[in-house]
Amino acid sequence: SANKFRFTMILSQCTEIDPAGNKNNRPRSTNRAFSRKNRVYAFRRFLIDNFPHLLVPRADRTEQPPSVVLDVAGGKGSLSFLLVHADGIRSQIVDPHVSCNYNSILRSVEYLARNPAERAKRAIAGWSGHQPLAALLPELLKRKYGDGGES
């Protein structure tokens, strides 16, 4: 069936970890690890780049139920917050200790919305003070206000 094919396709895009601890199949990284505060943005980008069907508007999907990202061990819910509010992707948090405390993201959004010069500076990728949320802010505001306006 179509669902079985889709599931197989998704599994083929995942990395299998050898239970015996064989290091040969582990992904290798030459880049320094992302800072804790930016990991959620890197993982969001990974999901969007590797699973573009998540961005297909629901009305355009035929015969398939809407995709939902399962945010396992989602903690504060930052990834789900970004997926829902910046990308319009459905997300479900699965975490026995979930707090869904978006206060830090909301404080940053409010600060960046009030300070457009600082937002422009922090949106520059590669800069030491880069803040991925600054680049996402226009999309967040567009989804909130419908036209990108900062009301």
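Residues numbered from 1 in each chain as written. Predicted model: local features only at pLDDT ≥ 70, side-chain atom pairs only at ≥ 80, totals over all residues. Heavy atoms only, no water.

Draft legend 1. Just unusual backbone geometry, in detail. The residue Ala 73 is not glycine, and still its phi comes out positive at about 60°. For Ala 73, the position within the fold is in the loop between β1 (68-72) and α3 (78-87). Residue Ala 73 is classed as exposed on the basis of its relative accessible area of 58%. (Helix = DSSP H or I, 4+ residues; strand = E, 2+ residues; numbered from the N terminus. Buried < 20%, exposed > 50% of the residue type's maximum accessible area, 1.4 Å probe, protein only.)

Draft legend 2. Representation of the pairing of strand β2 (residues 90-94). Alternating positions in β2 separate cleanly, Ser 91 and Ile 93 being buried on one face and Arg 90, Gln 92 and Val 94 remaining unburied on the opposite face. Across 5 bridges, β1 lies against β2 in parallel orientation. When the bridges of β2 are listed, Val 69 appears paired with Ser 91. Tracing the backbone out of β1, into α3 and back to the parallel element β2 gives a crossover that is right-handed. (Pairing = 2+ DSSP bridges. Right-handed = clockwise from strand over helix to strand, strands pointing away.)

Draft legend 3. Expanded view of helix α4 (residues 103-114). Given a rise of 1.5 Å per residue, 12 residues ought to cover 16 Å, and the 16 Å separating the end C-alpha atoms of α4 matches this to within 8%. Taken together, the buried positions of α4 are Ile 105, Val 109 and Leu 112. The buried residues of α4 occupy one face: seen down the axis, they fall within an arc of 75°. The exposed residues of α4 that point more than 90 degrees off its buried face are Arg 107 and Arg 114. (Expected span 1.5 Å × (residues − 1). Arc of directions from axis to C-beta.)

Draft legend 4. Molecular detail of the confidence of the model for the chain. Overall, the prediction assigns the chain a mean pLDDT of 76, with 66% of residues at 70 or greater. Per-residue pLDDT stays below 50 along residues 1-12; that stretch engages in 5 contacts with residues further than four places along the chain or on separate chains. Across residues 25-33 the pLDDT falls below 50, and counting only partners more than four positions away or on other chains, this stretch makes 7 contacts in the model. (pLDDT = per-residue confidence, 0-100. Contact = heavy atoms within 4.5 Å.)

Draft legend 5. A look at the side chain of Arg 44. Examined against the element boundaries, Arg 44 turns out to sit in helix α2 (residues 36-50). Look past the residues within four positions of Arg 44 in its chain and what remains in contact with it is Leu 79, Leu 82, Leu 83, Asp 87 and Leu 136.

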